[in-house]
Amino acid sequence: MASLTPGCVDQHPQKHFEKFAQKFLLAKRWLSQYPVTAIGIFLLLIIISSSILAPILAPQAPDAQDLDHILALPSWQHLLGTDALGRDLLSRLMWAGRISLAIATIVLSLSLLIGGTIGFVAGFYGGWLDELWMRGMDLFLSIPTLILALALIGTLGTGLQTMTLALTISWFPAYARLVRSQVLVLKNQDFITAAITLGGSSWHILWHHYLPSLVGVVVVQLSLDVGAVVLAIAGLSFIGLGVQPPTPEWGTMLVDARPLMQVAPHTVITPGLAIFATVFGFHTLSEALENWLEPRK
Amino acid sequence: MAKFLMRRLLGGLGVLLLVSMLSFTLIYLAPGEPAAVILTQRLGRIPTQAETSRLAAAYGLDRPPVIQYLDWTIHALRGDFGVSLRSGEPVITELQTRTMPTLLLAGATTLFTLVISIPLGLWAAVQEQGLGDRVSRFFSLVGVSVPDFWLAFGLILIFSIYLRWLPTHGFEKPQDLILPVVSLGVANIARLSRLARSQLLGAKHQDYLRTARAKGLPEWRVWVFHALPNGAIPLVTLVVSQFSAIVSGSVVMETLFALPGLGQFYVLAVRYNDIPVIQATVLLISAAFIFINFLTDIAYGFLDPRLRGSTSPETF
């Protein structure tokens, strides 16, 4: 990338600032070429930072009631207005984002860890282990995601832990499949054969040859799935089987606001926009990563 | 192909067997022993030890799990999934009346998705970098990100409350399905039209398209009869996997629009910890999908004659 611009070759290590400026210009050019990606990533930065910093940035506590201003329209006091109980919508949205993103992070880390390990071992060793594990994955993949998640919620009861567990069980088989198929392709590549011929140890080959080639595909899928998990959490909460009130969550905020659709449209619009922006952001991020990692496509 | 289909059929039956084990195990996942779980639901209080063991004996819940599983499976094969804890009715009678609305919803959504996204994909591919391409790319980006239930709110507000054209909920007239179908369909249209576009663009500079043009075929025939069928297999795969997503989505949509389908029934069961209903629904839905996947394998053979001779799934 750096060699695109003449003069960017590192001849003067002391000119750090100049290098930084060059990179900045490249980034700027890239963003102006892809304005949609720029918007998506900008939205993501806002959502992620406001979720992480919700305890500091949120103007009010998420459950603090201002009974003098029920269903207030956006104002300086309440930037996005208030809900039926006089709670500040902006603060609730920020805290809700925190919950959704935290659960999505846990679900996807666990899915990657469990599914990735299963997929890698199955693809790498093959044989009966592969056959057995993959039929097991077929079991989970033959049931639609929400149906499987709801079956577990229905048996174990609602709650944050149950939902996290249920979503993980619904999500990890896809990672097992993805990693396995990638490993199967890599297995027969010349550079892997070369590494084996050169006498590299299994660990060396795993760390230095397989993992770097797997990272790209997995990261693209992960960033796409964050949006999907956030949507699933909102959907489950929407039907009352996910995050339980009074904990703020985008889906529950939408259900609460449903009867007020006509009276106070802002209570319906804002949580929906928050979900939309999050999914949109992760979607564009995933696309940008894919283009960047595999420019041929 | 026959050998390959045979293997897929056996594989599918194997998965179905695993699903039946998983569904059966659900009752053991619930905290407490099964008889106590059932009684707690029925009585609304913690049952005494005597009550629990009496019910366990009556339902055969005191037998070894393997025997219970076999018993449950044999009954399930006959269509007997036990009695709903919520209503006290046999699970199968309610499942029967509930299946049709969901099938209608899912079928109509799939049809709606196809009817919109294939022409949209064609338009985008024909006018590459032009208006059609821009419209479809914008739509595919925005469409996948809109939560379906939020979209449903917007549609209800516009078409039911302000314009009063369509009902807000219910399931009596055909127009009752319009809003749920549109809400469920938009994200799928976004994905499918995008894939259709890229498949068609992949075919754009192939020799067979040039041949078709050289024969003097009109441009629309070139696209519809030569470019489209060659890129059809990934499209079919996506439509099938979207059907699964639509069934997931129907859970939320049926609750929102008060459609008396399987999804709404399932949500009620989950809320009530009605385990026999949950077991039956999981088994039924997964059996349906295993069957659909098998049909898809057959469809591949029709779409690509090269696959008919093959025996392994690797060529797919």
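If you're wondering where the values come from, they're calculated on a predicted model, not measured in any experiment.

### Some words on the overall build of chain A
Looking only at helices and strands, one finds eleven helices and zero strands in chain A. From first element to last, N terminus to C terminus, chain A shows the α and β order α-α-α-α-α-α-α-α-α-α-α. Principal-axis analysis of the C-alpha atoms places the extent of chain A at approximately 75 × 60 × 30 Å. Classification of the 297 residues of chain A by burial places 39% in the buried group. Contacts spanning at least 24 positions in sequence make up 67% of the contacts within chain A whose residues lie at least 6 apart.

### Some words on the overall build of chain B
Looking only at helices and strands, one finds 13 helices and zero strands in chain B. In chain B, the order of α-helices and β-strands from amino to carboxyl end is α-α-α-α-α-α-α-α-α-α-α-α-α. In terms of its C-alpha atoms, chain B occupies a principal-axis envelope of roughly 85 × 60 × 30 Å. With 316 residues in all, chain B has 37% of them scored as buried. In chain B, once contacts between residues fewer than 6 apart in sequence are set aside, the share between residues at least 24 apart is 72%.

### Details of the confidence of the model for chain A
Residues and elements named next belong to chain A. Within chain A, residue pLDDT values average 85, and 94% of them lie at 70 or more. Model confidence for chain A, summarised as mean pLDDT per element, is weakest for helix 1 (residues 16-33) at 77 and strongest for helix 4 (residues 89-125) at 93. Scored below 50 in pLDDT, residues 1-9 shows six contacts in the model against residues more than four places distant or in partner chains.

### With respect to the packing of helix 5 (residues 91-126) of chain B against helix 8 (residues 178-204) of chain B
Residues and elements named next belong to chain B. In the contact formed by helix 5 and helix 8, the axes pass within 7 Å of each other and the chain directions differ by 35 degrees. Taken as a pair, helix 5 and helix 8 cross one another with a handedness that is right-handed. For the contact of helix 5 with helix 8, the residue count by class is 17 nonpolar, seven polar and two charged.

### Quick word on the nonpolar core
Residue and element names in this part refer to chain A. Ranked by internal contacts, the top residues of the largest apolar core, which has 140 residues, are I147, A149, L150, V229, V230, I233 and I275. Broken down by element, the residue count for this core peaks at 14 residues, all from helix 4. Among all residues touching I233, those that are not within four sequence positions of it are S100, I103, A104, G242, V243 and G251.

### Side note on the interface of chain B and chain A
Listed per partner, the contact involves 37 residues of chain B and 33 residues of chain A. At the level of secondary structure, the elements contributing two or more residues to the side of chain B that touches chain A comprise helix 1 (2-29), helix 6 (131-145), helix 7 (148-162), helix 11 (232-257), helix 12 (262-271) and helix 13 (275-303) of chain B. Here the side of chain B that touches chain A is built from residues that sort into 29 nonpolar, seven polar and one charged.

### So, the packing of helix 4 of chain A against helix 11 (residues 265-293) of chain A
Residues and elements named next belong to chain A. The N-to-C vectors of helix 4 and helix 11 enclose an angle of 30 degrees; their axes lie 11 Å apart at closest approach. One way to sum up the angle between helix 4 and helix 11 is to call them roughly parallel. Remark: the crossing between helix 4 and helix 11 carries right-handed chirality. From helix 4, L89, L93 and G97 reach across to helix 11, where they touch T267, T270, P271 and A274. Here the residues of the contact of helix 4 with helix 11 sort into four nonpolar, three polar and no charged.

### Brief notes about helix 2 (residues 34-43) of chain B
Residue and element names in this part refer to chain B. Those residues of helix 2 that fall on the buried side of the exposure criterion are P34, A35, A36, V37, I38 and L39. Those residues of helix 2 hidden inside the fold are in contact with helix 1, helix 3 (49-59) and helix 13. Two residues or fewer past helix 2, G44 is found with a positive phi of approximately 75 degrees.

### Some remarks on helix 2 (residues 35-52) of chain A
Residue and element names in this part refer to chain A. For helix 2, which comprises 18 residues, the first-to-last C-alpha distance of 26 Å matches the rise-based estimate of 26 Å (1.5 Å per residue) to within 8%. Among the residues of helix 2, G40, L44, I47 and S51 are the ones counted as buried. The arc enclosing the buried residues of helix 2, seen along the axis, measures out at 70 degrees, which places them on a common side. Along helix 2, exposed side chains directed more than 90 degrees from the buried face belong to P35, L45 and S49. Of the surrounding elements, those touching the buried residues of helix 2 are helix 3 (54-57), helix 4 and helix 11.

### Quick word on unusual backbone geometry
A negative phi angle characterises most non-glycine residues, just as the trans form characterises most peptide bonds. The peptide bond linking P245(A) to P246(A) adopts the cis configuration, its omega dihedral lying at 10 degrees. Within the fold, P246(A) resides in the loop between helix 9 (202-238) and helix 10 (250-257). The phi torsion at N273(B) lies on the positive side, around 50 degrees, for a residue other than glycine. With respect to the helices, strands and loops of the structure, N273(B) is situated in the loop between helix 12 and helix 13. Judged by local crowding, N273(B) falls into the buried class, with 21 C-beta atoms found within 10 Å.

### Observations concerning the confidence of the model for chain B
The predicted structure's coordinates, where accompanied by low pLDDT, should not be read in detail. All names here are of chain B. In the predicted model, chain B carries a mean pLDDT of 85, and the fraction of residues at 70 or more is 97%. In this model, residues 312-316 is a region of pLDDT below 50 whose contacts with residues beyond four sequence positions or in other chains number five contacts. Confidence metrics for the complex model read pTM 0.87 and ipTM 0.86.

### With respect to the environment of F238(A)
Counting through the fold element by element, F238(A) comes out in helix 9. Contact partners of F238(A), with chain neighbours within four places excluded, come to G251(A), L254(A), V255(A), F149(B) and V252(B).

Criteria and thresholds
- Per-chain numbering applies: the sequence of each chain, read as written, is numbered from 1 onward.
- The order in which chains are written sets their letters, starting at A; the order in which ligands are written sets their numbers, starting at 1.
- For a predicted model such as this one, the threshold for reporting local features is a pLDDT of at least 70, and the threshold for listing and counting side-chain atom pairs is 80 or more; totals across whole chains, interfaces and linings nevertheless cover every residue.
- Working definition: helices are DSSP H or I runs of at least four residues, strands are E runs of at least two. Numbering for both runs from the N terminus.
- Three exposure classes are used, all based on how many other C-beta atoms lie within 10 Å of a residue's own C-beta (placed from the backbone): buried at 20 or more, exposed at 12 or fewer, and partly exposed between those limits.
- Once C-beta atoms have been placed from the backbone, residue pairs whose C-beta atoms lie within 7 Å are recorded as contacts.
- Predictor confidence is given residue by residue as pLDDT, running from a minimum of 0 to a maximum of 100.
- Orientation is described by axes fitted as lines to C-alpha atoms, over the contacting stretch for helices, and by angles from 0 to 180 degrees between their N-to-C directions.
- By definition, turning the near helix anticlockwise from the far helix through less than a right angle yields a left-handed crossing, and turning it clockwise yields a right-handed one.
- Note that Gly is not counted as nonpolar here; it falls among the polar residues with everything else outside the nonpolar set of Ala, Val, Leu, Ile, Met, Phe, Trp, Tyr, Cys and Pro and the charged set of Asp, Glu, Lys and Arg.
- We call a set of buried Ala, Val, Leu, Ile, Met, Phe, Trp, Tyr and Cys residues a nonpolar core when their C-beta atoms link them within 7 Å.
- Reported orientations rely on four angle classes, namely roughly parallel under 35 degrees, roughly antiparallel over 145, roughly perpendicular from 65 to 115, and oblique for the rest.
- Helices are assigned an expected span. That span is 1.5 Å times one less than the residue count.
- What the arc describes is the spread of directions from the helix axis to the C-beta atoms.

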